[in-house]
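Residues per chain are reported as follows:
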Amino acid sequence: MKAAVMHDVSNIVFEEMPMPSPSMGELLVRVKSTRVCATDVNMYRGRHPGSFLPRILGHECAGEVAEVGDGISGFKPGDRVGIDPVISCGKCYFCRMGKNNLCENGGLMGREANGSFAEYTIVTPERAVKIPESISFDVASYMEATGSVYRSLCMTRLLGPGASVAVLGLGSIGMLQTQFAKIAGANLVIGVSRSQWKLDLALQLGANVVVSAKEEDPVEAIMRLTCHRGVDVVIEAAGVPDTIRQSYEMVRSGGEIIQYGIGPTSVDGINTFLQYYKEITTYGVRAVTYNDFSSSVKFLEDQTIRIGPIITHRLPLEQTAEGLELSERQSGKVLGVVINS
Ligand SMILES: [Zn+2]
Ligand SMILES: [Zn+2]
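What you see is a predicted model; the values in this text were computed from it and never measured.

## Some words on the overall build of the chain
Working step 1: Secondary structure summary: the chain contains 11 helices and 18 strands in total.
Working step 2: The C-alpha atoms of the chain give a radius of gyration of 20 Å, which matches the 20 Å a tight globule of 341 residues would have.
Working step 3: Out of the 341 residues belonging to the chain, those deemed buried represent 47%.
Working step 4: Put simply, of all contacts in the chain between residues at least 6 apart along the chain, 69% involve residues at least 24 apart.

So this is what it looks like as structure tokens:
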């Protein structure tokens, strides 16, 4: 089969690989679509802790069952599936409490095991979720992102009818957060970005108000919009020091921060007195549990959550490296990049 294999930092080669064969209890999936995630880009650039080279990256994907290994029932060749990228053991302390995303022995497809920037990939059946015809493979490549954003919002106490929410960073994740905040009942959803076209899109997807961080200080703007109290919930979806610092300043006393964005840079300037005086609760979010991943189907099937406007670029498998670089630069109108195998 053909695959895009990472051999070194910033070095992906499109090459022929041995065709994988499913062992007992495994499915062979013909990959159709993989969403480029920030984790792929960070790994490609050597910024992600832990590398296992050579490696086929790519983990947020969907495809068609090609072959069913012995001992599996409930799947047949041709079944359309979204693939849960989280690898877990099912036996450890965290798996047993239903948090397989925190598995002590697990990892992520495309990081600890070969991923989906390839024609085929191997998965275990519990990680393959059947999808209806109404969900395209490109849209299904957003199942993990959708499930993960859903997971993050289920963690909060304050998000609900009447809540005020600021979403910092309007990449694919910020656009999903904006939509979920709206359907959760928030009556003030504020999108913050430096790109005008992303602000315009956020307004179409459910933001009531947008703030251009290029033209206005986001903290001052949020204070002005909330009677100088701050928002109930800040969703940090950019993962850079500036927006992380701003989150603590613009959240109201007793408010919550969902720290969704991640990045390799440590953040200076967050004073713990601020956390103390304002009694801020901060949430970390890691990938999805089985439950979250399956939940995404219901949001995508009837387009409660819209993915179409978020996907701006589709590239063939041989252009995987270009896709990662495009996603990294985000120059021009780049939002969601999908690799079609
Ligand atoms: Zn990802
Ligand atoms: Zn486990």
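## Things to note about the domain arrangement of the chain
Working step 1: Partitioning the chain into structural domains gives domain 1 (2-144 + 288-340) and domain 2 (156-284).
Working step 2: Contact with domain 1, which involves 10 residues of that partner, is made by 12 residues of domain 2.
Working step 3: Among the residues forming the side of domain 1 that touches domain 2, the class breakdown is 4 nonpolar, 3 polar and 3 charged.

## Considering the sheet that holds strand 4 (residues 55-56)
Working step 1: Spatially, 2-1-4 is the arrangement adopted by the 3 strands of the open sheet, whose pairing is antiparallel. This sheet does not close on itself; its edge strands, each paired only once, are strand 2 (11-16) and strand 4.
Working step 2: In the sheet, strand 1 (residues 2-8) pairs with strand 2 via 6 bridges, with the strands oriented antiparallel. Residue pairing for strand 2: Asp8 is matched across the bridge by Asn11.

## So, helix 7 (residues 218-225)
Working step 1: Listed in full, the buried residues belonging to helix 7 are Pro218, Ala221 and Ile222. Seen along its axis, helix 7 keeps its buried residues to an arc of 95°; they face one direction.
Working step 2: Elements in contact with the buried residues of helix 7: strand 11 (164-168), strand 12 (188-193), strand 13 (209-212), strand 14 (231-236) and helix 8 (241-250).
Working step 3: The positive-phi residue at the C-terminal boundary of helix 7 is Cys227, with phi of around 55°.

## Some words on the nonpolar core
Working step 1: Core analysis: the largest hydrophobic core is formed by 94 residues, its most contacted members being Val29, Val165, Ala166, Val167 and Ile190.
Working step 2: Taken domain by domain, this core gets at least three of its residues from each of domain 1 (2-144 + 288-340) and domain 2 (156-284).
Working step 3: Filtering out sequence-adjacent residues up to four positions away, Val167 remains in contact with Gly174, Gln177, Thr178, Ala181, Val189, Ile190, Gly191, Val192, Ile235 and Ala237.

## Structural notes on the environment of Tyr93
Working step 1: One can find Tyr93 in helix 2 (residues 93-96).
Working step 2: In sequence terms Tyr93 and Glu104 are 11 residues apart; their C-alpha atoms lie 7.8 Å from each other.

## A closer look at the pairing of strand 3 (residues 27-35)
Working step 1: Across the 9 residues that make up strand 3, a large majority, 8, are buried.
Working step 2: As defined by bridge partners, strand 3 adjoins strand 5 (residues 60-68) across 8 bridges and the pair is classed as antiparallel. Bridging from a neighbouring strand, Val31 pairs with Gly63 of strand 5.
Working step 3: Alignment of strand 3 against strand 9 (residues 120-123), held across 4 bridges, turns out to be antiparallel. Opposite Arg30, over in strand 9, you have Tyr120 as the bridge partner.
Working step 4: Sheet topology note: the strand 3/strand 18 (residues 336-340) ladder contains 3 bridges and is antiparallel.

Procedures and definitions
Residues numbered from 1 in each chain as written. Chains lettered and ligands numbered in written order. Predicted model: local features only at pLDDT ≥ 70, side-chain atom pairs only at ≥ 80, totals over all residues. Helix = DSSP H or I, 4+ residues; strand = E, 2+ residues; numbered from the N terminus. Rg over C-alpha atoms; globule rule 2.2 N^0.38 Å. Buried ≥ 20, exposed ≤ 12 C-beta atoms within 10 Å, placed from the backbone. Contact = placed C-beta atoms within 7 Å. Domains from an automatic or database assignment. Nonpolar A, V, L, I, M, F, W, Y, C, P; charged D, E, K, R; others polar. Pairing = 2+ DSSP bridges. Arc of directions from axis to C-beta. Core = buried A, V, L, I, M, F, W, Y, C linked by C-beta atoms within 7 Å.

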